[in-house]
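Read off the chains here:
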Amino acid sequence: MYALAVAVVTLALWFRVTLYRGNIGISIGDNGDVNLLQRIRQHGNCVEWSSFILIMMILAEGMGAPGLYIQISGALLLIGRIAHPFGLKIDNAGHPLRYVGNGTNILAALNIMVCLGVNILGL
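Residues numbered from 1 in each chain as written. Predicted model: local features only at pLDDT ≥ 70, side-chain atom pairs only at ≥ 80, totals over all residues. Heavy atoms only, no water.

Caption draft 1: Broad picture of helix α2 (residues 34-62). Taking 1.5 Å per residue, 29 residues should reach 42 Å; α2 reaches 42 Å between its end C-alpha atoms and fits that length. At the C-terminal side of α2, Gly64 shows a positive phi close to 80°. (Helix = DSSP H or I, 4+ residues; strand = E, 2+ residues; numbered from the N terminus. Expected span 1.5 Å × (residues − 1).)

Caption draft 2: Inspection of helix α4 (residues 96-121) at higher detail. In this model α4 runs 37 Å from its N-terminal to its C-terminal C-alpha over 26 residues, within 8% of the 38 Å that 1.5 Å per residue would give. Residues of α4 that are buried include every one of Gly101, Thr104, Asn105, Ala108, Ala109, Asn111, Ile112, Cys115 and Leu116, and no others. Where α4 is buried, its residues contact α2 and α3 (67-87). Positive phi shows up at Gly122, right after α4, with a value of about 75°. (Buried < 20%, exposed > 50% of the residue type's maximum accessible area, 1.4 Å probe, protein only. Contact = heavy atoms within 4.5 Å.)

Caption draft 3: Region of interest: the packing of helix α1 (residues 2-24) against α2. The N-to-C vectors of α1 and α2 enclose an angle of 160°; their axes lie 9 Å apart at closest approach. Taken as axis vectors, α1 and α2 run roughly antiparallel relative to one another. In this structure, α1 meets α2 at a crossing whose hand is left-handed. On α2, the residues touching Tyr2, Ala3, Val6, Val9, Thr10, Leu13, Trp14, Arg16, Val17, Tyr20, Arg21 and Ile24 of α1 are Asn35, Leu36, Arg39, Ile40, Gln42, His43, Cys46, Val47, Ser50, Leu54 and Met57. In terms of residue class, the contact of α1 with α2 is made up of 15 nonpolar, five polar and three charged. (Axes fitted to C-alpha atoms, helices over the stretch in contact; angles between N-to-C directions. Parallel < 35°, antiparallel > 145°, perpendicular 65-115°, else oblique. Left-handed = near helix turned anticlockwise from the far one by under 90°. Nonpolar A, V, L, I, M, F, W, Y, C, P; charged D, E, K, R; others polar.)

Caption draft 4: Representation of the side chain of Arg81 within the structure. With respect to the secondary-structure elements, Arg81 resides in helix α3. Comment: no salt bridge for buried Arg81; closest opposite-charge side chain is Glu48, at 7.7 Å. Side-chain polar atoms of Arg81 contact the side chain of Asn105, separated by 2.7 Å. (Lys, Arg positive; Asp, Glu negative; His and termini not counted. Salt bridge = Lys/Arg side-chain N within 4 Å of Asp/Glu carboxyl O. Polar contact = N/O pair within 3.5 Å; in protein donor to acceptor, adjacent residues only side chain to side chain.)

Caption draft 5: Quick look at a nonpolar patch on the surface. Where nonpolar side chains cluster on the molecular surface, the patch consists of Met63, Val114, Val118, Ile120, Leu121 and Leu123 and spans about 640 Å² of accessible area. On the secondary structure map, Leu123 appears in the segment after α4. According to the relative accessible area criterion, Leu123 is exposed, its value standing at 75%. (Patch = residues over 30% accessible without salt bridge, like charges linked within 9 Å, V, L, I, M, F, W, Y side chains within 5 Å. Areas by Shrake-Rupley, 256 points an atom, 1.4 Å probe, with all protein chains shown as cover.)

Caption draft 6: Here's a closer look at the packing of aromatic side chains. Across all of its chains, the model carries two aromatic pairs by this definition. Their ring planes at 65° and their centres at 4.9 Å tell us that Trp14 and Phe15 sit as a pair that is edge-to-face. Taking relative accessible area as the criterion, Phe15 reaches 41% and is therefore assigned partly exposed. Centre to centre, the rings of Trp49 and Phe52 are 6.0 Å apart; their planes meet at 70°, and the pair counts as edge-to-face. Here Trp49 and its partner Phe52 are both found in helix α2, three residues apart, which amounts to about one turn of the helix. (Phe/Tyr/Trp six-rings, centres within 6.5 Å; stacked < 30°, edge-to-face > 60°.)

See the structure below:
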């Protein structure tokens, strides 16, 4: 469920990069265009965090972890992936939605890491 929702966000961000590339005629890299760089990083950050957390969620589910922990990580991941692109701005490193995106994703990762650790150690 969360993988599908995050995939939709990722695809939307990919479309933003691809359409912009087509409009400005840059095939590879950003050629110094800060708007393209921003879109590339919004998409890249989504892919990086989503892969990391979704893999841990799959492992936790496969190990029989309580569903509540998986749901918490999934919800936090989705909130973060929706908020973060709106806050990841070239000219404003302190945008509140960037903090929301980073914070919720860190919490999602920590939550599922603790869940994995508890299962691995048999606690």
